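# Structural overview for review
The chain contents come next:
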Amino acid sequence: MLSLIQRFFKLESAGGILLFLAALIAILFANSPLNSVYHDFLNLPVSIQIGSFSINKTLIHWINDGFMAVFFVLVGLEVKRELLEGSLSRYQQAIFPAFAAVGGMIVPALVYIFIARQDPTLANGWAIPMATDIAFALGVMALLSKQVPLPLKIFLLALAIIDDLGAIVVIALFFSHGLSIQALIFAAITIVLLIALNRFKVTALCAYMVVGAILWASVLKSGVHATLAGVIIGFCIPLKGEKGETPLDDFEHLLAPWTSFLILPLFAFANAGVSFEGLDFSMITSPLLLAIALGLIIGKPVGVFGFSYLSVKLGIAKLPENINFKQIFAVAILCGIGFTMSMFLASLAFDANAGESVNSLSRLGILLGSTFSAIVGYFFLKQTTKTSSFLKK
């Protein structure tokens, strides 16, 4: 039994499978007699107080604002590594997925705006279908890992990382409210401390964690979304130390299992609990649900593939070796798996005051769009990579 569990956690698709199971369990809880227990659990008050400083949040807010900040630390680490020595380190490598990512952000947002334009209360949701869930998309691709060419995996990873950067910019510009100057000053001081640690090549991760925790609390109190603190922390970890240490890689290896196997599934469990009670056909065809679902199902593939194709035809970028446009289209469909990041953006776009129906419909739209993209993307990828599998034999 133990060896079976160990083998499961070594699978490339393990993180994606756990995400799916956590979301499924949340939906089952929300549509069972345990519905009230599920919501009471998520609304448990949890507080931390040090002297006069205190943070009072419900459990779901701790998950969304606290645990997800740790996930964004990992995102910051991955982006920095890719920029310095990975798939985004050279212009020729970065420009093709960059164009694809930009298209994958612009077109879904336009699809959402076009469908939801008649209801001004839905205006804030335009960013929801922009995001790609790295863990889920790579998890689906991992199911075909033996026949998927390595350049195609790198393309998806680079695209998803740039996509995350876009989401971070959107959060910073459009979802920060009620700014506190005092808290921002504290945040600025801690950022300077983190940069100083980086410049002096301090490799002790505990130092970054302590200063980073202060930064997170300051950003949380400032009105800027707290997850942005995670990205800053990730960027401030040095790639290498003076004696050949590798703090960035070490921290990435430390955080990766926790985010894949605990934080992201916990986030899915906390946010995917959509109750189907009271839903009828008229709600299924509501502008909000359609705007999100079609943004992911149509907007993502059209944006990613369209911008990729144009960048090559205009001579701006080159198609990676041993890759064809059919495979790029298959990956473009997979990019419609918004799930975690889309849920996260939905929680920012529509707060509790928006009403339960709005929150339920937004989550349902994400689930439908992501599920469709995962299933169709898997079969398209399977068909388009058969030749690659044959060539490897």
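Residues numbered from 1 in each chain as written. Predicted model: local features only at pLDDT ≥ 70, side-chain atom pairs only at ≥ 80, totals over all residues. Heavy atoms only, no water.

## So, the pattern of salt bridges
Definition in use: We define a salt bridge as a contact between a side-chain nitrogen of Lys or Arg and a carboxyl oxygen of Asp or Glu at a distance within 4 Å. Relative accessible area decides the class of each residue, using a 1.4 Å probe on protein chains only: under 20% of the type maximum gives buried, over 50% gives exposed, and in between gives partly exposed.
By the definition in use, this model includes 4 salt bridges. Between Asp 65 and Lys 57 there is a salt bridge whose closest N-O contact spans 3.9 Å. Look at Lys 57 and you get partly exposed, because its relative accessible area is 26%. Residue Arg 81 pairs with Glu 82 through a salt bridge whose shortest N-O separation is 2.9 Å. Here the two residues Arg 81 and Glu 82 agree in accessibility, since each one is buried. Several salt bridges share partner residues, and in doing so they unite Arg 81, Glu 82 and Glu 252 into one network.

## Description of the environment of Ala 270
Inclusion rule: Helix and strand assignments follow DSSP, with helices taken as H or I runs no shorter than four residues and strands as E runs no shorter than two, numbered in order from the N terminus. Two residues qualify as a contact provided that any one of their heavy atoms is within 4.5 Å of a heavy atom in the partner residue.
Within the secondary structure, Ala 270 sits in helix H11 (residues 247–271). Distance in space between the C-alpha atoms of Ala 270 and Ile 366 is 15 Å, their sequence separation being 96 residues. For Ala 270, the residues in contact, after removing those within four places along its chain, are Tyr 38, Leu 42, Ile 60 and Ile 63.

## A closer look at helix H8 (residues 181–199)
Rules: Under the convention used throughout, the expected extent of a helix is 1.5 Å for every residue step, that is, one less than its residue count. Note: the arc covers the axis-to-C-beta directions of the helix.
Relative to the 27 Å expected for 19 residues at 1.5 Å per residue, H8 spans 27 Å between its end C-alpha atoms, a close match to the ideal helical length. Taken together, the buried positions of H8 are Ala 183, Ala 187, Thr 190, Leu 194, Leu 197 and Asn 198. Angular distribution of buried residues about the axis of H8 spans 100°; they occupy a single face of the element. Along H8, the residues that are exposed and aim more than 90 degrees away from the buried face are Ile 181, Gln 182, Val 192 and Arg 199. On the buried face of H8, the contacting elements are helix H4 (59–85), helix H9 (205–222) and helix H10 (227–236). Looking one or two places after H8, you find Lys 201, whose phi comes out positive at around 55°.

## Quick notes on the nonpolar core
Threshold: For the purposes of this section, nonpolar cores are sets of buried Ala, Val, Leu, Ile, Met, Phe, Trp, Tyr and Cys residues that join through side-chain atoms within 4.5 Å.
In this structure, Phe 72, Tyr 112, Phe 339 and Leu 381 are the most contacted members of the largest nonpolar core, which totals 93 residues. Of all the elements, helix H7 (residues 150–174) adds the most residues to this core, at 12 residues. Aside from chain neighbours lying at most four places away, what touches Phe 72 is Ile 168, Ile 171, Thr 227, Gly 230, Val 231, Met 341 and Phe 344. Counting 26 residues, the second-largest nonpolar core is a separate cluster that includes Tyr 208, Ala 217, Leu 220 and Phe 251.

## Considering the environment of Gly 306
Tracing the backbone shows Gly 306 in helix H13 (residues 287–313). By relative accessible area, Gly 306 is classed as partly exposed at 22%.

## Section: a nonpolar patch on the surface
Applicable threshold: Like charges are joined within 9 Å and nonpolar side chains (Val, Leu, Ile, Met, Phe, Trp, Tyr) within 5 Å, but only among residues with over 30% relative accessible area and no salt bridge; these make up the patches. For the area figures, the Shrake-Rupley method with a 1.4 Å probe applies, and any residue is considered shielded solely by the protein chains shown.
Together, Ile 17, Phe 20, Leu 21, Leu 24, Ile 25 and Leu 28 make up an exposed nonpolar region whose accessible area comes to about 510 Å². Along the chain, Ile 17 falls in helix H2 (residues 14–30).

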